[in-house]
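Below are the chains, spelled out letter by letter.
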Amino acid sequence: MAKEGKHIINRRLLSSYVSSVISIGLVLLLVGVAALLLVNARGVADYFRENLRVAVMLVPDADESSARDFADELSMLPFVKAVEYVSPEQGAAEMAAQLGDDFLSVFESSPLPSSLELSIRAGYMASDSLASIVDRISSYGIVEETVYQESLVEALNANLGKISVLLLLFIALLLFVSFVLINNTVRLNVFSHRFSIHTMKLVGATRSFIRHPFMVQALFQGLFASSLATGFLLAGLFVLKSEFIELFTIFTLPLFLTVAAVVFATGVLLCLTSTFFSVNRMVSFSRDDLYI
């Protein structure tokens, strides 16, 4: 009977420990998501800015060789991230896909000239900077017209600023909730051992002696929970990659390792800190306080 009772107690303690690890791991997953958003916030904003293209329409008599030479010249400019040459045939195919094949039927040949699509670096995507860039590109003799959606650029910059503020507030709230939940989980785990703590105190054990096994347990609890959270986060990113592979130009391995380090540091630090103060509080309990 004694062995069976001990087995039941050990099984309950293990179940409690596993539940705590899973609970803390899920909360740390929120910390990881918040850290991932915070670390990549600038990269995501730059990604959207650099995907707004400037169309450079070339003069009708510009041949492919001249157009490609001009593209190489533009690619050397500091504000240009990428240049793509669009042939008249390719432009006609894109227009046909948008407007239907009938719109070309009235022309004997493609009415579209050769053109270039420019991706401008994010730091130059302010309205005034972009206007200066367009004026400079338009000054080339081979350029007939330079087109970009000014209203869309202004709206994007304004909205990204608002989104950044809301994102910071959301992350701050998420981190606060995460810290509270982890602290409560650890306190409940320590509280379940209050009778053992009181017994050790009665036989003369010092605070440091009583704290030691709990601190070791908290260390491993933080490491296991952080590993669980990092694994879930990595799995989520792989699912995201299959749907939005372009985002992985932003979510790079060094950034993920930084986020993983934040998750591990947060998990271990919070578990150790919460355990330290919770055990000290339990040691101060009187016999009557144990039954509260």
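So, here's what we can say about the structure. (Residues numbered from 1 in each chain as written. Predicted model: local features only at pLDDT ≥ 70, side-chain atom pairs only at ≥ 80, totals over all residues. Heavy atoms only, no water.)

What to know about the overall build of the chain
For the chain, the count of helices and strands is eight helices and four strands. Going from N to C terminus, the chain has its helices and strands arranged as α-β-α-β-α-β-α-β-α-α-α-α. Going through the 292 residues of the chain one by one, you find that 35% of them count as buried. Within the chain, counting contacts between residues at least 6 apart in sequence, those at least 24 apart form 83% of the total. Counting only carbon and sulfur atoms, one obtains 64% of the accessible surface of the chain, whose full area is about 17200 Å². (Helix = DSSP H or I, 4+ residues; strand = E, 2+ residues; numbered from the N terminus. Buried < 20%, exposed > 50% of the residue type's maximum accessible area, 1.4 Å probe, protein only. Contact = heavy atoms within 4.5 Å. Areas by Shrake-Rupley, 256 points an atom, 1.4 Å probe, with all protein chains shown as cover.)

Quick notes on a negative patch on the surface
Taken together, the side chains of Asp61, Asp63, Asp69, Asp72 and Glu73 make up a negatively charged region of the molecular surface. Along the chain, aspartate 72 turns up in helix H2 (residues 64-75). (Patch = residues over 30% accessible without salt bridge, like charges linked within 9 Å, V, L, I, M, F, W, Y side chains within 5 Å. Salt bridge = Lys/Arg side-chain N within 4 Å of Asp/Glu carboxyl O. Lys, Arg positive; Asp, Glu negative; His and termini not counted. Charge placed at Lys NZ, Arg CZ, Asp CG, Glu CD.)

Quick word on the nonpolar core
One finds Ile24, Leu28, Ile182, Ile197 and Ile210 to be the most contacted residues of the largest nonpolar core, which totals 28 residues. Contributing elements (two or more residues each) for this core: helix H1 (2-50), helix H5 (150-191), helix H7 (207-243) and helix H8 (253-283). At eight residues, H8 tops the list of elements feeding residues into this core. Aside from chain neighbours lying at most four places away, what touches isoleucine 182 is Ile24, Val27, Leu28 and Leu270. Counting 25 residues, the second largest nonpolar core, distinct from the first, contains Val54, Phe79, Leu118 and Val134. (Core = buried A, V, L, I, M, F, W, Y, C linked by side-chain atoms within 4.5 Å.)

Observations regarding helix H4 (residues 127-138)
Counted at 1.5 Å a residue, the expected span for H4 with its 12 residues is 16 Å, and the 16 Å between its end C-alpha atoms agrees. The set of residues buried in H4 consists of Leu130, Ile133, Val134 and Ile137. Burial along H4 is one-sided: seen end-on, the buried residues are contained in an arc of 100°. Opposite the buried face of H4, at more than 90 degrees from it, the exposed residues are Asp128 and Asp135. (Expected span 1.5 Å × (residues − 1). Arc of directions from axis to C-beta.)

Remarks on the environment of valine 39
Note that valine 39 resides in helix H1. Placed 219 residues apart in sequence, valine 39 and threonine 258 show a C-alpha to C-alpha distance of 8.5 Å. Sequence-distant contacts of valine 39, defined by excluding residues within four places in its chain, comprise Leu255 and Val259.

Regarding the sheet that holds strand S3 (residues 115-120)
Paired through backbone hydrogen bonds, the strands of a sheet run either parallel or antiparallel to each other. Spatially, four strands are ordered S2-S3-S1-S4 in an open sheet, and the strand pairing comes out antiparallel. Strands at the two margins of the open sheet, each flanked by one partner only, are strand S2 (80-86) and strand S4 (143-147). Taking each pair of neighbouring strands and ignoring which way they run, the sheet shows an average axis angle of 20°. In this structure, S2 lies alongside S3, joined through six bridges in antiparallel fashion. Within the sheet, the bridge partner assigned to valine 80 lies in S3 and is isoleucine 120. Those strands touched by H2 are strand S1 (53-58), S2, S3 and S4, and its axis lies near 170° from that of S2. Across the sheet, H4 is in contact with S1, S3 and S4; its angle to S4 comes to roughly 165°. (Pairing = 2+ DSSP bridges. Axes fitted to C-alpha atoms, helices over the stretch in contact; angles between N-to-C directions.)

Re the pattern of salt bridges
Applying the stated criterion across every chain yields a total of two salt bridges. The residue arginine 53 makes a salt bridge to glutamate 84 at a minimum N-O spacing of 3.8 Å. Taken together, the residues span a long stretch of sequence, with arginine 53 in strand S1 and glutamate 84 in strand S2 at a distance of 31 residues. Of the residues examined, arginine 53 reaches a relative accessible area of 40% and is grouped as partly exposed. Its salt-bridge partner being arginine 53, residue glutamate 117 comes within 3.6 Å of it at the nearest N-O pair. Of the two residues, glutamate 117 is situated in strand S3 and arginine 53 in strand S1; the sequence distance between them amounts to 64 residues.

As for the packing of aromatic side chains
Counted by the stated rule, this structure contains three aromatic pairs. Seen in terms of ring centroids, phenylalanine 220 and phenylalanine 224 are 6.1 Å apart; in terms of plane orientation they differ by 35°. Their pairing is tilted. Of this pair, phenylalanine 220 and phenylalanine 224 both sit in helix H7, separated by four residues, roughly a single helical turn. (Phe/Tyr/Trp six-rings, centres within 6.5 Å; stacked < 30°, edge-to-face > 60°.)

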